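# Examination of the molecular architecture
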Amino acid sequence: MERVNTHPLDRDLLYLNTALAELAGEILSAAKLKDISRKALELACRLSESPLGLAGVADAAQRRLVSVTVTPEMFNQCKVAEPGSILDKSWGLWQRVLGRGQGYFSNDVAGDSLSAGPPQGHIPISRFLAAPAVVQGELAGVIAVANAKRDYTELDLERLSRLAALYALAIQQKHWEQKLLRSEERHRHLVENAGEAIMVFQDERLCLANSAAESLLGMEPRALAGKPLKELVHPEDLASVLARHRSRLAGQQASSDSLVRMLHATGKTVWTQFNSVRIFWEGRPAVLSFGRDVTRQRRLEEQARQRQQLNTLGALASGVAHDLNSSLGVVLGNLEMIADDLGLEHGSLRSLNRAMQAARRSRDLVRQILAFKRLSPAEPQPLAMKGMVEEALNLMSASLPQQVRLRLELEAGGLVLADATQIHQVIINLCLNAAQAMEPKGGELRVALRQAEINGGEAARLDLATGPYIKLTVSDQGCGMTGAVLARAFEPFYTTKAPGQGSGLGLSIVSGIVGEHGGAVEAQSQPERGSVFSVLLPLFEGEAAPQKTEPGQAPAGQGERLALVDDLKDYLVTQKKLLERQGYRVTTFQDPLEALAAVAAAPRDWDLIITDFNMPGLTGLELIQKLPPATRPPVIICTGYGDVLTPQDAKAAGAADLLIKPVELKRLARAVRRALELKT
């Protein structure tokens, strides 16, 4: 007969599995935990060839071994006064195993850096091997062996750890059995595995909470037991919750359904839908509540409500934007001409520049409002986020108070597909908010940038697609926000600042811009502990857009003939003067139909058409479409709207360019020159 040789690894595995099977059999048949401990110790000594050892059940709360089983030699020779107290001792080997929850072995205990010597009266130890018995992250017991005649190895540690894991489950099972025998909670296991949070309240305190409730509130069972309602419920909901609780206990009618803001251990608010009934608990009235976390649903509802607000605001802004932007174009155009007439040395130039700055701020305010409904057209392109942050901070660093210290942690490279102006706006708004929150004392303003991978759970919570993102974090050491203020922080026009110090639009704009870019923004804050705002933007895997450079001076014309079409007379007059100063011949038309007739009659007499988009009788696009493409001169469309037309749409319809009013001279002159070059 041929002899079959067994591989050493197979023998080791068989050896270990045989021992585990023996322990499993003991667990199933033994009535007492002491018998299971004795069997576990016997197998541990056999697997490791050790003469000494102990197996103990731990009380992690008291930091003691409450039940210790030792080998006969240890029992006869060890003189430690309180064997169960070894958890309290400073012997480093035990601390490694029990304090850190890590298995460990040493073949030179006397020379081991962790060993401070065993407790007084302990049997001499030369070699040491131990593994904690851990279940659900909590120490349940320990198995340790010592003084084998050979050195311990990693294989020994692996064997003992596997044995300790099964021992931990046995300890847990026996504890459960004991609790079930002593308690009325005979259906505890079913409750623990329920999908909803189950809680029993009595005397305005929490008596029972299952694992789902522990997850809901972020606290372990020991921390939840006996917790008063006032520490679990949001202060603004506490009065109504207590009123319903007392009514139920008294047997009075109370609504079974309620929506309550509970307090998570981290301080965040958890919106919870409860269904509650009156029961008897240990012979006295109590309230049994089934709770479901509806925070994400509430957030989506709130986002929908905010979108509705933004849509309403956007509709209002859209109605006035055209006329307002046209009027601002008249103001800025005339101011530019006056400044040009006065010259650089004129004493009134400073006052004039202040007026121009005020007009530009008004223009920017309109654009901020339009950004809510994406009325201000975005121009996404691949951008290096690190460079964007550095550029934005360089622009605003001079405006930061001296008491604010700027700390940068820009670790991540990578691109985002975004509109540069809007991303600048996000960065500056967040940083200015942070700086203002630290007034007047000041503090550290931290701006960090890194890449982050958003997984399924976090993606669902933030309503994002899974994948790689760029994470921008802006944190401050300012006054912080209460939960109530934080809940409304992104609402349009909501502000806690004094009148004249803030419009309440900044964070709303941030939220709107980030959302339009496929990202998410989160805020964390506590009173007097500062705030942290985190922005996530999808990582773009491609190449950065080429840098654009513009000449410093507005290019001059060479007598080309332009048709200027707009229904606002003042705007026509101003733009005509500006363009004529640049060397163009300009004919204005307040009626687009009149302009159409003039150009159609002699198309070769015209080098360029500059037309408003929204006019009575004929839109700018319709004007383009009614002119034959073969003879039509280039057309630039100017508009005070941004919701109806994008640069891509305008070019697809045949326009050479799309300009958003108000258009300053340099930008207008460059656009005119580019369009004329297309003609040639």
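Residues numbered from 1 in each chain as written. Predicted model: local features only at pLDDT ≥ 70, side-chain atom pairs only at ≥ 80, totals over all residues. Heavy atoms only, no water.

### Describing the overall build of the chain
Selection criterion: A run of H or I in DSSP counts as a helix once it spans at least four residues, and a run of E counts as a strand once it spans at least two, with each numbered from the N terminus. Burial classes follow relative accessibility: with a 1.4 Å probe on protein chains only, a residue under 20% of its type's maximum area counts as buried, one over 50% as exposed, and anything between as partly exposed. Residues are treated as being in contact if the distance between any of their heavy atoms lies within 4.5 Å. Only the protein chains shown count as cover for residues, with accessible areas throughout obtained via the Shrake-Rupley method and a probe of 1.4 Å.
Counting secondary structure elements, the chain contains 21 helices and 22 strands. Split into buried and exposed, the 680 residues of the chain put 46% on the buried side. For the chain, restricting intrachain contacts to residue pairs at least 6 apart in sequence, the fraction spanning at least 24 positions comes to 65%. About 34,900 Å² of surface is accessible on the chain, with carbon and sulfur atoms providing 51% of the total.

### Notes on the environment of Leu568
With respect to the secondary-structure elements, Leu568 resides in the loop between β18 (561–565) and α17 (569–581). Look at Leu568 and you get partly exposed, because its relative accessible area is 29%. Placed 23 residues apart in sequence, Leu568 and Asp591 show a C-alpha to C-alpha distance of 9.7 Å.

### A closer look at unusual backbone geometry
The peptide bond linking Glu439 to Pro440 adopts the cis configuration, its omega dihedral lying at 0 degrees. Within the secondary structure, Pro440 sits in the loop between α13 (420–437) and β14 (443–454). Cis geometry is found at the peptide bond from Lys661 to Pro662, where omega equals -10 degrees. Of note in this structure, Gln136 is not a glycine but carries a positive phi near 55 degrees.

### A closer look at helix α21 (residues 665–679)
Note the threshold: Take the number of residues in a helix, subtract one, and multiply by 1.5 Å to get its expected span.
Taking 1.5 Å per residue as the helical rise, α21 with its 15 residues ought to reach 21 Å, and the 21 Å between its terminal C-alpha atoms agrees with that figure. Residues of α21 that are buried include every one of Leu665, Leu668, Ala669, Arg670, Ala671, Val672, Arg673, Ala675 and Leu676, and no others.

### Topic: empty space enclosed by the protein
So the rule is basically this: A cavity, in this analysis, means grid points on a 1 Å lattice covering only the protein atoms where a 1.4 Å probe fits yet has no way out; a pocket is instead an open set bounded by protein on both sides within 12 Å along at least five of seven lines, and a residue lines either one if it has an atom within 4 Å of a point. Grid points are joined across faces, edges and corners, and a volume is the space filled by probe spheres set on the points.
A complete count under the given rule lists 3 cavities of 30 Å³ or more for this structure. The computed volume of the largest cavity comes to approximately 150 Å³. Lining the largest cavity are 14 residues, with Phe201, Val241, Phe274, Ser276 and Ser289 positioned closest to its centre. Looking at the lining of the largest cavity, the elements that each hand over two or more residues are α9 (235–249), β8 (257–263), β9 (269–281) and β10 (284–293). When residues in the lining of the largest cavity are grouped by element, the largest group, 4 residues, is from α9.

### A few points about the sheet that holds strand β22 (residues 657–660)
So the rule is basically this: DSSP-based pairing: two strands are paired if at least 2 bridges between them are found. Here an angle of 0 to 180 degrees is reported between the N-to-C directions of two axes, which are lines fitted to C-alpha atoms, with helices fitted over the stretch in contact.
Pairing in this open sheet of 5 strands is parallel, and the strands run β19-β18-β20-β21-β22 from one edge to the other. The open sheet terminates on both sides in strands that have one partner only, identified here as β19 (585–589) and β22. Ignoring which end each strand starts from, the neighbouring axes of this sheet average 20 degrees apart. In the sheet, β18 pairs with β19 via 5 bridges, with the strands oriented parallel. If you follow Ala563 over to β19, its bridge partner there is Thr587. Here α21 sits on the sheet in contact with β18, β20 (608–612), β21 (635–639) and β22, set at roughly 170 degrees to β22.

### Side note on the sheet that holds β10
The strand order across the open sheet built from 5 strands is β7-β6-β10-β9-β8, with neighbouring strands paired in antiparallel fashion. Bordering the open sheet on either side are β7 (205–209) and β8, each of which pairs with just one other strand. Strand after strand, the sheet turns through a mean of 40 degrees between neighbouring axes, direction not considered. Note that β8 and β9 share 7 bridges and pair antiparallel. The residue bridging Leu263 from the neighbouring strand is Thr269, located in β9.

### Describing the pattern of salt bridges
The condition is simple: Just to be clear on terms, a salt bridge is a Lys or Arg side-chain nitrogen sitting within 4 Å of an Asp or Glu carboxyl oxygen.
Tallying each qualifying case throughout the model produces 22 salt bridges. One salt bridge in this structure joins Arg246 and Glu204, with 2.7 Å as the shortest N-O distance. One end of the pair, Arg246, is in helix α9; the other, Glu204, is in the loop between β6 (197–202) and β7, and 42 residues separate them in sequence. Glu204 gets classed as partly exposed once you look at its relative accessible area, which sits at 27%. A salt bridge links Asp237 to Arg261, with the shortest nitrogen-to-oxygen separation between them at 2.9 Å.

### Things to note about helix α2 (residues 33–48)
Every α-helical turn comprises 3.6 residues, leaving residues that sit three or four positions apart pointing alike. Look at α2: 22 Å from first C-alpha to last across 16 residues, which is about the 22 Å you get at 1.5 Å a residue. Those residues of α2 lying buried are Leu33, Ile36, Ser37, Lys39, Ala40, Leu41, Leu43, Ala44, Cys45, Leu47 and Ser48. Of the residues one or two after α2, Glu49 is the one with positive phi, at around 55 degrees.

### Comments concerning the nonpolar core
Rules: Note on terminology: a nonpolar core comprises buried Ala, Val, Leu, Ile, Met, Phe, Trp, Tyr and Cys residues joined through side-chain atoms within 4.5 Å.
Within the largest apolar cluster, 40 residues are counted, with the highest numbers of intra-cluster contacts made by Met385, Val389, Leu430, Cys431, Leu445, Leu472 and Val535. Contributing elements (two or more residues each) for this core: α12 (385–397), β12 (404–410), β13 (415–418), α13, β14, β15 (467–475), α16 (506–516) and β17 (531–538). In this view, Cys431 contacts Leu393, Met396, Leu445, Val447 and Val474; residues no more than four positions away in its chain are not counted. If you look at the next biggest cluster of nonpolar residues, it comprises 33 residues, including Leu33, Ile36, Ala40 and Leu160.

### Section: the confidence of the model for the chain
Keep this limit in mind: Values of pLDDT, ranging from 0 to 100, describe the predictor's confidence in every residue of the model.
Summary statistics for the chain give a mean pLDDT of 80 and a share of 81% for residues scoring 70 or more. Across residues 1–7, confidence stays below pLDDT 50; counting only partners more than four residues off in sequence or on other chains, it has 1 contact.

### A word on the environment of Ile423
For Ile423, the location among the structural elements is in helix α13. Given the relative accessible area of 3%, Ile423 is considered buried. Apart from residues no more than four positions distant in its own chain, Ile423 is found in contact with Met385, Met388, Ala418, His517 and Leu537.

### Looking at the packing of aromatic side chains
What counts, and what does not: Aromatic rings from Phe, Tyr and Trp, with only the six-membered ring used for Trp, were paired whenever their centres fell within 6.5 Å, and each pair was classed as stacked if the ring planes differed by under 30 degrees, edge-to-face if by over 60, and tilted otherwise. Working rule: Lys NZ or Arg CZ, within 6 Å of ring centre, within 35 degrees of ring normal, means a charge sits over the ring.
Going through the model one piece at a time under the given rule, you end up with 1 aromatic pair. One cation-aromatic arrangement involves Arg561 over Trp606; the distance from NZ or CZ to the ring centre is 3.8 Å.

### Regarding the pairing of β6
For a regular strand, side-chain orientation follows a simple rule: the groups alternate between the two sheet faces. Within β6, 6 of the 6 residues are buried, which leaves it mostly tucked inside the rest of the structure. Taking every second residue as pointing to the same face, both faces of β6 are buried, with Ala197, Met199 and Phe201 on one and Ile198, Val200 and Gln202 on the other. Examined bridge by bridge, β6 and β10 share 5 bridges and lie antiparallel to one another. Each bridged residue has a counterpart across the sheet, and for Val200 the counterpart in β10 is Leu288. Here 4 bridges tie β6 to β7, and the two strands are oriented antiparallel to one another. Within the sheet, the bridge partner assigned to Gln202 lies in β7 and is Arg205. Between β6 and the antiparallel strand that follows it, β7, lie 2 residues; Asp203 among them carries a positive phi value of about 55 degrees.

### As for the side chain of Asp419
Note the cut-off: Residues adjacent in sequence count toward polar contacts only when both atoms are side-chain atoms; beyond that, a polar contact is any pair of N or O atoms within 3.5 Å, and within protein one must be able to donate a hydrogen and the other to accept it.
Note on placement: Asp419 falls in the loop between β13 and α13. Note on Asp419: relative accessible area 7%, which makes it buried. A polar contact of 2.9 Å, which involves the side chain of Asp419, links it to the backbone nitrogen of Gln422.

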